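This is what each chain is made of:
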Amino acid sequence: MKPARTRLRLTVRGLVQGVGFRPFIHRLATSLDLAGRVWNDGHGVIIEVEGIPESARSFLLGIESGKPPHAAIHSLEPQWLEPCGLHGFEILPSPTDGRRSALVLPDIATCPDCLREILDPADRRFGYPFTNCTNCGPRFSIIESTPYDRPRTSMKAFPMCGACRAEYADPENRRFHAQPNACPDCGPRLSLVDPSGTALPGDPIESTATALLEGSIVAVKGVGGFHLMARADDPDAVRRLRRRKHREEKPFALLVPDLETTRRMGRIGALEERLLRSPEAPIVLLERAPGADDLIAAEVAPGAPMLGIMLPSNPLHHLLTRHVGVPLVATSGNLSDEPICTDNAEALQRLGGIADLFLLHDRPIVRHVDDSIVRVLLGRETVLRRARGYAPLPVSWKGEAGILATGPQLKNTVAISTEDHVFLSQHLGDLETEPAVEAHEQALDALVRLFDQTPTRVATDLHPDYRSTRTAENAGHPVTCIQHHHAHALACMAENEIESPALAIVWDGTGYGTDGTIWGGEFLRITGDGFERLAHLRPFPLPGGDRAAREPRRSLAGMLHEVGRFELLGDRFSPSEKRLLGDALRKGIGTVTTTSAGRLVDGVTSLLGIRHISHYEAQSATALEFSAAAATGVEPLPVVVDRSRSPWVLDWEPWVVALHDGVERGDDISLLARRFLDSLIDGCVEVARRSGEPRIVLSGGCFQNRLLLEGTVGRLRQAGLQPFWHQRVPPNDGGVALGQIVGASLQKRLPTASSFRPR
Ligand code: ZN
Ligand code: ZN
Ligand code: FE
């Protein structure tokens, strides 16, 4: 079969104008037999190539290695789009309308030139941890207001010395107008202090390295906040960190000195390698390789099939990892669920019970920016947490300026629109603690200030109890509420640049529905300004509200009650717990009704005996994914869609019954897990085919599951349908703010069900 053509758009920010970049792109594209076009925009270069996906991928990978010597890439965002019939290759004239919306760059990983300097004993910046230049260094985390000039950054406290000033003023110099330019004589400095704040003697980096090697936990102030670090191969140190941070099993992210070591720990393809070394330098989720066991303690990621790994992205991390020489745990410096610490005094206070030592510096962090998380899915970069390196770069659109979106409750991000862009904030976390709510409010203020937009309307979730809904109501502008799953769908459509009509399959944990129940396994027909709920998973009662998300066995209890087989629950609860649970379900006390796909997956994970209690989000879903990945070639179970009802109901009862029988028979659990996932995929495809819509949009946290995403996309294509999924904006709730803006702009005139909020 001839592979389908695809269009790849790359938005490249950096030093890419006037350095021979566009002719280079022309050569690279034509050598790979790709059609396309390239043009300058106000802040960089935009490239589109069209051809077979393999060539487009080679093109993406060939840019960094082949770029002209004076070009420097500060950020490169790929976007896979439907082909639009490009032929030949054109260098388009630059737009002349002169309109330039303010662009604030993200923080950029250390460039090769700066790295060379800090490692060169003869250089005046040898060993200097705040080295940067026009092509690298902090941006978003130090900017107070625009335009981006040193007096409006947290570098204002550091007047440049003569040598730095000369570099800054010299158009031939790599540091010409590099706002955070600094050197050991004039720039920020490190200090290593104990929990009482007393400075320790000696070289801070060397002493920190020694302490880490001896098993200490050190809070390290980085670019966008503090990390808690410990050597990853020391089970005692990692266990101590878990105990002090009250973190039971959730895997820790790793900071690994180099790519060679990373290769031994995780499976790395060409795309993973590009991402690890990219200017964005995110945490890349890698499938664990057997060699990992020799390099890290089991306590780092107990039983987890994936490891989150990043390479050094700032001079301090480069110097520290070189001194330490072994992989380090580098987890956010926070208490569970609070935002990452940014301030020295705050860190000493909040992290005092966790860290043995604090590696501080005297440059204030203006806003916290966490490490981003990405995973390669279907041969594409998928951003799962959008923060350092990505935020606050915009998504392009054409719409109404001045809409402010306050996002959802969990994995909150906020956004603001201009006429041609939607600017998304960095990941702000769950709005469950006061510090998180504060960060959320500050991020809203910052968007308004940095992008110089006066909000005229506010978009938010339909949920009456979300903190973000309250922020919207208090903002003093008209509020439009967008149903949660509708927003998910619109976000995905916006980044794929498609318009309605489409069928959106939105599967996630929970979201407030227009009927006041908890949705999460939705098939929504997206229309001009609203949606129709075409189908959903069969609803079931969920006992124990919030606890259900942490206990897959509770989802199972609700599912079994729904199908009249509560007794199959077995010994997952004590007899007395079971009695209480049975009572609650019968009387409907303390239960909510849900169609959540996330909870359905949880319930089946418990049914299969894979996991009854989760210690962190998605633990059970990940376990199910990896169990299923071990099996192939299974027969899916029958799909039952009741179309006599409106909305249609996709029934999971036959699956649960068959899977239970399989467990009883002693069938291989991997086979059963696979059979379940394949049945979910069949269910999606069946409803999609019946919908009559050719375009199918996949969104929601469930589509972070590789097997579910790959299977659904593949089967939809076989059925002659066109699937679309997330790339730059997370499929999880981190993308909802974008969808809220789109939804509000569509609903300007016609209020629909989505803008009606029952109280
Ligand atoms: Zn540099
Ligand atoms: Zn200096
Ligand atoms: Fe969601």
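Criteria and thresholds
- Residues numbered from 1 in each chain as written.
- Chains lettered and ligands numbered in written order.
- Predicted model: local features only at pLDDT ≥ 70, side-chain atom pairs only at ≥ 80, totals over all residues.
- Heavy atoms only, no water.
- Phe/Tyr/Trp six-rings, centres within 6.5 Å; stacked < 30°, edge-to-face > 60°.
- Helix = DSSP H or I, 4+ residues; strand = E, 2+ residues; numbered from the N terminus.
- Buried < 20%, exposed > 50% of the residue type's maximum accessible area, 1.4 Å probe, protein only.
- Lys NZ or Arg CZ within 6 Å of the ring centre and 35° of its normal.
- Donors = N, O, S within 2.8 Å, 3.2 Å for Na, K, Ca; no water.
- Tetrahedral: all angles 85-135°; square planar, octahedral: opposite > 155°, others 65-115°.
- Pairing = 2+ DSSP bridges.
- Contact = heavy atoms within 4.5 Å.
- Axes fitted to C-alpha atoms, helices over the stretch in contact; angles between N-to-C directions.
- Salt bridge = Lys/Arg side-chain N within 4 Å of Asp/Glu carboxyl O.
- Domains from an automatic or database assignment.
- Buried area = accessible area lost by both parts, 1.4 Å probe.
- Polar contact = N/O pair within 3.5 Å; in protein donor to acceptor, adjacent residues only side chain to side chain.
- 1 Å grid on protein atoms, 1.4 Å probe; cavity = no way out; pocket = protein on both sides within 12 Å on 5 of 7 lines; lining within 4 Å.
- Points joined across faces, edges and corners; volume = space filled by probe spheres on them.
- Nonpolar A, V, L, I, M, F, W, Y, C, P; charged D, E, K, R; others polar.
- Parallel < 35°, antiparallel > 145°, perpendicular 65-115°, else oblique.
- Left-handed = near helix turned anticlockwise from the far one by under 90°.

Attention now moves to the packing of aromatic side chains. Aromatic rings considered in pairs are described by the distance between their centres and by the relative angle of their planes. In the structure shown here, the tally under the stated rule is eight aromatic pairs. Here Trp507 and Phe523 contribute two aromatic rings whose centre-to-centre distance is 5.9 Å and whose plane-to-plane angle is 90°, an arrangement assigned as edge-to-face. Here Trp507 is found in strand β22 (residues 502-512), whereas its partner Phe523 is found in strand β23 (residues 518-526), with 16 residues between them in sequence. Exposure class is identical for Trp507 and Phe523. Each is buried. Through a chain of ring-to-ring contacts, three or more aromatic side chains come together here, namely Trp507, Phe523 and Phe703. For the cation-ring pair, Arg242 lies above Phe252, with the distance from its terminal atom to the ring centre recorded as 4.2 Å. Just above the ring of Trp652 sits the side chain of Arg538; from NZ or CZ to the centre is 5.5 Å.

Moving on, we get to the coordination of the iron ion (ligand 3). Distances from the iron ion (ligand 3) to its protein donors, His484 (NE2), His488 (NE2), Asp508 (OD) and Asp733 (OD), fall within 2.0 to 2.2 Å. Viewed at the metal, the four donor atoms of the iron ion (ligand 3) are separated by angles of 86 to 167°, and the geometry they form is irregular.

Let's shift gears to the coordination of the zinc ion (ligand 2). Distances from the zinc ion (ligand 2) to its protein donors, namely Cys161 (SG), Cys164 (SG), Cys183 (SG) and Cys186 (SG), fall within the range 2.2 to 2.3 Å. Here the donor residues of the zinc ion (ligand 2) share one chain and are spaced in sequence as C-x2-C-x18-C-x2-C. Placement of Cys161 in the loop between α3 (112-119) and α4 (162-169) and of Cys183 in the loop between α4 and β6 (190-193) is noted, with a sequence separation of 22 residues between them. Across this residue pair, the class does not change: Cys161 and Cys183 are buried.

A sheet is described by the order of its strands in space; here 10 strands give the open sequence β6-β13-β7-β8-β12-β9-β11-β10-β14-β15, paired in mixed fashion. On the outer flanks of this sheet lie β6 and β15 (380-385), each paired with one strand and no other. As defined by bridge partners, strand β9 (residues 254-255) adjoins strand β12 (residues 328-332) across two bridges and the pair is classed as antiparallel. Each bridged residue has a counterpart across the sheet, and for Leu255 the counterpart in β12 is Leu328. Against the sheet, helix α5 (residues 204-213) engages β6, β7 (218-221), β8 (226-231), β12 and β13 (357-361), with an angle of about 40° to β6.

For the rest of this paragraph, the subject is the pattern of salt bridges. Per the stated rule, a full pass over the model turns up 56 salt bridges. Note that Arg239 is salt-bridged to Glu299, the shortest N-O span being 3.1 Å. Here Arg239, found in helix α6 (residues 235-245), pairs with Glu299, found in the loop between α9 (292-295) and β11 (306-310); they are 60 residues apart in sequence, far enough to count as distant. With a relative accessible area of 41%, Arg239 lands in the partly exposed category.

To continue, consider the domain arrangement of the protein. If you check the domain split of the protein, you get domain 1 (6-91), domain 2 (102-188), domain 3 (190-361), domain 4 (390-486 + 736-756) and domain 5 (504-728). For domain 1 and domain 4, the distance between their C-alpha centres works out to 32 Å. Between domain 1 and domain 4, the residue contacts involve four residues of the former and four residues of the latter. Around 320 Å² of area is buried between domain 1 and domain 4 when both sides are counted, 48% of it from carbon and sulfur atoms. Three residues stand out in domain 1 for area buried against domain 4, namely Arg13, Ser75 and Glu77, and they jointly supply 78% of the buried area on that side. The interface formed by domain 1 and domain 4 holds zero salt bridges in total. For the interface between domain 1 and domain 4, the tally reads zero residue pairs in polar contact (both at pLDDT 80 or more).

So, on to empty space enclosed by the protein. Sizing a probe to match a water molecule and rolling it over the atoms shows the empty space that remains. What the rule picks out here adds up to five cavities of 30 Å³ or more. Approximately 190 Å³ is the volume attributed to the largest cavity. Lining the largest cavity we find 21 residues, and of these Pro138, Val223, Asn314, Pro315 and Arg363 sit closest to its centre. For the lining of the largest cavity, the class distribution of residues is nine nonpolar, eight polar and four charged. Residues lining the lining of the largest cavity come from more than one domain, with at least three contributed by each of domain 2 (102-188) and domain 3 (190-361). Approximately 80 Å³ is the volume attributed to the second largest cavity. Surrounding the second largest cavity, 14 residues form its lining, Val223, Gly224, His227, Asp371 and Arg388 being those nearest its centre.

This next bit is on the pairing of β11. Of all five residues that make up β11, five are buried, and the element is covered over most of its length. Bridging between β9 and β11 involves two bridges; their strand directions are parallel. Looking at the pairing, Leu255 lines up with Met310 of β11.

Another aspect to go through is the side chain of Thr595. With respect to the secondary-structure elements, Thr595 resides in the loop between β26 (591-594) and α18 (597-607). Side-chain polar atoms of Thr595 contact the side chain of Arg533, separated by 3.4 Å. Once you skip the residues sitting within four places of it in the chain, Thr595 turns out to touch Ile518, Trp519, Gly520, Gly521, Glu522, Arg533, His536, Leu537 and Pro539.

All right, on to the packing of helix α1 (residues 21-31) against helix α2 (residues 53-66) then. Viewed as axis vectors pointing N to C, α1 and α2 meet at an angle of 135°, and their least axial separation amounts to 11 Å. Overall, the two elements α1 and α2 adopt an arrangement that is oblique. The handedness of the crossing between α1 and α2 is right-handed. Packed against α1, whose contacting residues are Phe21, Phe24, Ile25, Leu28 and Ala29, the element α2 presents Phe59, Gly62, Ile63 and Gly66 at the interface. Per-class residue counts for the contact of α1 with α2 are seven nonpolar, two polar and no charged.

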